[in-house]
Each structure stands twice: as C-alpha cells, then as structure tokens.
Amino acid sequence: MADKPMTAREMAQVETIIGRILQVGVIFSAVVMAIGLVMFLATGHSGYPGSTMPLHMGAILLGTWQLKPFAIMMLGVYCLILTPVLRVIVSIYAFYKEKDHLYVAITTTVLIILIIALVIGVYGK
C-alpha cells in the first residue's frame, strides 16, 4: 500500500516537532556551556595547560568525562552546531512523507553541504 500524503494536522505536528528540536537543542547547549563556564569561573583553570583546548570530538568527550571546563563548553558548542543539522534531517523526513520530492532533493543537498562543511571545519586547516 502506498504512503498517502500528510494531512494538515500531521504537518502541523511535524512543524511543532521541528520547533521543539530547535528549542531543546539551544537550551541544552546553553545549559552545557553555562555548566562549563561556572566550572571555569569556580576553579580558575580550563583543565588544559596554557592556551590549549580540545578541538576534536574524542578529546572533547574525554575531557567532558574528566570534568574539564573547556571540554564541557566545547561540547555545548558542538551541540549547538548539530541542532540545525538535526532539524534538516527531520525536514527531509517531513518532505518525504508529504511526497514533495523536489524539497526532499533540495533539503538533502543542504544536508550534504552541511556535512561537508562540518568535515572541512574539523579536518581542514
């Protein structure tokens, strides 16, 4: 049986979910960054020697596990960066369910560009 296009009510639910994803992502990121900032201000050090800080996800996760303030703040920044990426993924699903193939293609292209930009940002110099 073929999927039927989404109803107006279902689209409104998807839009609400997308809005909630953005809200929760931004709030979560802000809370994580605030925790790192409070730890930094309370201890007076970043958890890293000199002006170094974690830049790769492995180092950030390890530093977060070790409760290093800069690593926690960087985790919050990464969460903030990934929030719109998750929104694009949910949008692709919504357009697919709506059977809007043009917007599925456009949004998928946007997702590919975002992923390429993130990879260049992490591994490029």
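Along each chain, residue indices are assigned from 1 in the same order as the chain's sequence is written. Only residues with pLDDT of 70 or above have their local features reported here, since the model is predicted, and side-chain atom pairs are shown and tallied only from 80 upward, although totals for entire chains, interfaces and linings are computed over all residues. By convention in this description, side-chain values take in all heavy atoms of the structure and omit both hydrogens and water.

Student: Can you help me understand the side chain of threonine 64 in this one?
Tutor: Mapped onto the secondary structure, threonine 64 falls in helix H2 (residues 57-65). At 2.7 Å, the side chain of threonine 64 and the backbone oxygen of isoleucine 60 are in polar contact. Only heavy atoms enter the contact rule, under which two residues are in contact if any of them lie within 4.5 Å. Those residues in contact with threonine 64, other than ones at most four positions away along the chain, are Ala71, Ile72 and Leu75. A run of H or I in DSSP counts as a helix once it spans at least four residues, and a run of E counts as a strand once it spans at least two, with each numbered from the N terminus. Distance and chemistry together define a polar contact, namely a pair of N or O atoms within 3.5 Å, with one atom able to donate a hydrogen and the other to accept it when in protein, and with adjacent residues in sequence counting only for side-chain atoms on both sides.

Student: Just to check I follow, could you spell out the environment of lysine 68 for this structure?
Tutor: Structurally, lysine 68 is set in the loop between H2 and helix H3 (69-97). Excluding residues within four positions of it along the chain, lysine 68 makes contact with Ser46, Gly47, Tyr48 and Gly63.

Student: Looking at this structure, how should I read the nonpolar core?
Tutor: To define a nonpolar core, start from buried Ala, Val, Leu, Ile, Met, Phe, Trp, Tyr and Cys residues and group those joined through side-chain atoms within 4.5 Å. Working definition: with a 1.4 Å probe on protein chains only, accessible area under 20% of the residue-type maximum means buried, over 50% means exposed, and in between means partly exposed. Ranked by size, the top nonpolar core spans 7 residues in total: Val32, Ile60, Ile72, Met74, Leu75, Tyr78 and Cys79. For this core, the element with the highest residue contribution is H3, accounting for 5 residues. Those residues within four positions of leucine 75 in sequence are excluded, and the remaining contacts are Val32, Ile60, Leu61 and Thr64.

Student: Mind showing me how you'd approach the packing of H2 against H3 here?
Tutor: When two helices pack together, their arrangement is given by the angle between their axes and by how far apart the axes lie. Interaxial angles span 0 to 180 degrees and are taken between N-to-C directions of axes, which are lines fitted to C-alpha atoms, for helices over the stretch in contact. Axis separation between H2 and H3 bottoms out at 8 Å; the angle between their running directions is 130 degrees. Classified by the angle between their axes, H2 and H3 sit oblique to one another. The way H2 lies across H3 gives a crossing that is left-handed. Listed contacts from H3 to Met57, Ile60, Leu61, Gly63 and Thr64 of H2 are Ala71, Ile72, Met74, Leu75 and Tyr78. Residues are grouped as follows: Ala, Val, Leu, Ile, Met, Phe, Trp, Tyr, Cys and Pro are nonpolar; Asp, Glu, Lys and Arg are charged; every other residue, Gly included, is polar. Here the residues of the contact of H2 with H3 sort into 8 nonpolar, 2 polar and no charged. Small angles under 35 degrees read as roughly parallel and large ones over 145 as roughly antiparallel, with 65 to 115 read as roughly perpendicular and the rest as oblique. Put simply, a crossing is left-handed when the front helix is turned counterclockwise from the back one by less than a right angle, and right-handed when it is turned clockwise.

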